[in-house]
Structures are given as structure tokens and as C-alpha cells.
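Coordinate analysis (summary)
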Amino acid sequence: MTNLPSAATTPVVEKKPAVHESSHVNLKVKSQDGTETPFKIKWTSPLEVLMREYCTQMSLELNSIVFLLDGRPIRAHQTPDQLEMEDGDLIDAMLHQTGGAII
């Protein structure tokens, strides 16, 4: 019979909060035409801050743009820390597409 460690003796590995050299992260938002706009926000700030500022600078409505990180949509409440972003990461800003049906 094999002695397997019981659940009571198996150590629990907890995820430790990330330690950053600075309290801010430098990110870039890239538009569909390739223009990159730099932003500096806190690791713990909701990305909604960046999204709203980008839309203001570009004279766009927030609900007309989708922000993507590595091809995945970003939610406004998420933070760079939660998404495990790195300094210098690139966020894509794409216009929402509507329609597409053939009648």
C-alpha cells in the first residue's frame, strides 16, 4: 500500500499579489489605422479610466469601440494587475461591427 499525503498535510499554494517596480504601468492603445496612443495608469485602476480617456481623445463613443488584449475583449472593471499585464503591453481598439447579414 502506498502512503499518499492526506489533504490535511498537503500544502495549499496561494497566488501572491504581483510585485511591481512602480505603482504605474505604461500601456499603448493601437487603433485600426495603426496609430498608437500611450497611457500611464495605476496597476490597480480599472481599465475603464484608460478606455474613457482614449475615446475622449479620439472623439469616439465608448460603446462604439471594443478593446482587446491578445485578441480577447477587456471589461471596463478589470485592472492591469488582474489581467497580468506587463509594462508596454499593447491594447487594440476596434470599431464595433454591426450587420453582416445577407438578405
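So, here's what we can say about the structure. (Residues numbered from 1 in each chain as written. Predicted model: local features only at pLDDT ≥ 70, side-chain atom pairs only at ≥ 80, totals over all residues. Heavy atoms only, no water.)

To continue, consider the overall build of the chain. When its secondary structure is counted, the chain shows one helix and five strands. Across the chain, helices and strands are ordered from the amino to the carboxyl terminus as β-β-α-β-β-β. Burial analysis of the chain (103 residues in total) assigns 24% to the buried set. When the accessible surface of the chain is split by element, carbon and sulfur atoms take 52% of a total near 8,000 Å². (Helix = DSSP H or I, 4+ residues; strand = E, 2+ residues; numbered from the N terminus. Buried < 20%, exposed > 50% of the residue type's maximum accessible area, 1.4 Å probe, protein only. Areas by Shrake-Rupley, 256 points an atom, 1.4 Å probe, with all protein chains shown as cover.)

The next thing to look at is the sheet that holds strand β2 (residues 36-42). Taken together, five strands build an open sheet; the order of strands is β2-β1-β5-β3-β4 and the sheet is mixed. Each edge of the open sheet carries a strand with a single partner, namely β2 and β4 (72-73). Bridge count between strand β1 (residues 24-30) and strand β5 (residues 90-95): three bridges; the pairing is parallel. Directly across from Lys28, in β5, lies its bridge partner Leu90. On the sheet, helix α1 (residues 48-58) packs against β1, β2, β3 (65-69) and β5 and is oriented at approximately 145 degrees with respect to β2. (Pairing = 2+ DSSP bridges. Contact = heavy atoms within 4.5 Å. Axes fitted to C-alpha atoms, helices over the stretch in contact; angles between N-to-C directions.)

It is worth spelling out the packing of aromatic side chains at this point. If you walk through the whole model with that rule in mind, you get two aromatic pairs. Seen from their ring centres, Tyr54 and Phe67 are 5.8 Å apart, and the 80 degrees between their planes marks the pair as edge-to-face. You can see Tyr54 sitting in helix α1 and its partner Phe67 sitting in strand β3, a full 13 residues away along the chain. Note on Tyr54: relative accessible area 2%, which makes it buried. A connected cluster of aromatic rings, assembled from ring pairs, spans Phe39, Tyr54 and Phe67. (Phe/Tyr/Trp six-rings, centres within 6.5 Å; stacked < 30°, edge-to-face > 60°.)

Let's shift gears to a nonpolar patch on the surface. Judged by side-chain polarity, Met58, Leu60 and Leu95 come together as a nonpolar surface patch covering roughly 220 Å² of accessible area. Tracing the sequence through the fold places Leu60 in the loop between α1 and β3. The class for Leu60 is partly exposed, based on a relative accessible area of 32%. (Patch = residues over 30% accessible without salt bridge, like charges linked within 9 Å, V, L, I, M, F, W, Y side chains within 5 Å. Salt bridge = Lys/Arg side-chain N within 4 Å of Asp/Glu carboxyl O.)

Further remarks concern the side chain of Ser45. Tracing the chain through its elements places Ser45 in the loop between β2 and α1. Contact partners of Ser45, with chain neighbours within four places excluded, come to Gln78, Thr79 and Pro80.

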